[in-house]
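Summary of the model geometry
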Amino acid sequence: MAFSATGSALRALKSEGRITTPENKIFVNAQAITVEQAAPQVTSKTEAAVVIVTGASRGIGKAISLALGKAGCKVLVNYARSSKEAEEVCKEIEACGGQALSFGGDVSKEADVEAMIKTAVDAWGTVDVLINNAGITRDGLLMRMTTKQWQEVIDLNLTGVYLCTQAAAKIMMKKKKGKIINIASVVGLVGNFGQANYSAAKAGVIGLTKTVAKEYASRNINVNAVAPGFIASDMTAKLGDDIEKKILGQVPLGRYGQPEEVAGLVEFLAINPAANYMTGQVLTIDGGMVM
């Protein structure tokens, strides 16, 4: 879109700083004049950002914690039951010169979430980044799924994201700065047999992400979601050849993703200044399953 002006009107607009176009150019008599426009200051990477990663003792959560810890962040490693594994993650971060602490708590419980946030603030003074990763599965066809199976997944995978986001956002709002990254799933976009509960929860996370992004954008809080496809894990390692062949047949790249690949994308959203203009987005990392 071109903006045109002539003579004194152009000079007045320029002096008042009111000229803006998508291309940062003014078109006068079909000639383009480049206008310098102040851009937000961009530094290399967030200095010692304080990060909370839920469900961080193994898998994708562990990979995210290690990536951010090695990048210089202060990382709170949340876990539900795997205390030994969480401590190992902390030690690995510290061995690389980073700072980390573990916190055992159920993010579907409001009291545990409040205690987790307080632990990070008491240790490091603030919360800069929240990674909502904690999740469980209770798979089964809908016709056989129990209310307990349904509710357990909804409580942790969706309500947990709501509770953590609400608690962390209170701190971020005060300083008008923050990043929230929710780990969703491609099944939240396309569904999956035997995962009505999980698919519903992850679809809810995607909707929550977009709504929270709109509500908090004016406070300079970026909220995005990452939707992984089939990622290598302890569970996939135990699958038989026939099942694995069927799964990978759905993936154009023909392989499982690695937790470290998901962690790299999350690291970009969390601390890379190039992601500062991104909010309300759902980024799939799935080998081409959804396109």
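Everything in this summary refers to the structure shown in the same document. Fair warning: this is a prediction, and the values are worked out from it, not measured in the lab. (Residues numbered from 1 in each chain as written. Predicted model: local features only at pLDDT ≥ 70, side-chain atom pairs only at ≥ 80, totals over all residues. Heavy atoms only, no water.)

Looking at the sheet that holds strand 4 (residues 74–79)
Taken in spatial order, the 7 strands of this open sheet run 5-4-3-6-7-8-9, and their pairing is parallel. Since the sheet does not close on itself, it has two edges, and those belong to strand 5 (99–104) and strand 9 (282–285), each with one partner. Each strand of the sheet is rotated relative to its neighbour by a mean of 15°, with strand direction disregarded. One ladder, built from 4 bridges, connects strand 3 (residues 50–53) with strand 4; its direction is parallel. (Pairing = 2+ DSSP bridges. Helix = DSSP H or I, 4+ residues; strand = E, 2+ residues; numbered from the N terminus. Axes fitted to C-alpha atoms, helices over the stretch in contact; angles between N-to-C directions.)

Topic: unusual backbone geometry
Backbone geometry places Lys176, a non-glycine residue, at a positive phi of 55°. Among the secondary structure elements, Lys176 is positioned in the loop between helix 5 (147–175) and strand 7 (178–183). Lys176 sits in the exposed class, given a relative accessible area of 52%. Look at Asn220: it is not a glycine, yet its phi comes out positive at around 65°. Within the secondary structure, Asn220 is located in the loop between helix 7 (196–216) and strand 8 (221–228). Owing to a relative accessible area of 42%, Asn220 belongs among the partly exposed residues under this scheme. (Buried < 20%, exposed > 50% of the residue type's maximum accessible area, 1.4 Å probe, protein only.)

Description of the packing of helix 2 (residues 59–70) against helix 3 (residues 83–95)
Running from N to C, helix 2 and helix 3 point in directions that differ by 20°, and their axes come no closer than 9 Å. When the axes of helix 2 and helix 3 are compared, the pair comes out roughly parallel. As for how helix 2 packs across helix 3, the hand of that crossing is right-handed. Taking contact as the criterion, the partners of Lys62, Ser65, Leu66, Gly69 and Lys70 in helix 2 are, on helix 3, Val89, Glu92 and Ile93. Split into classes, the residues belonging to the contact of helix 2 with helix 3 amount to 3 nonpolar, 2 polar and 3 charged. (Parallel < 35°, antiparallel > 145°, perpendicular 65-115°, else oblique. Left-handed = near helix turned anticlockwise from the far one by under 90°. Contact = heavy atoms within 4.5 Å. Nonpolar A, V, L, I, M, F, W, Y, C, P; charged D, E, K, R; others polar.)

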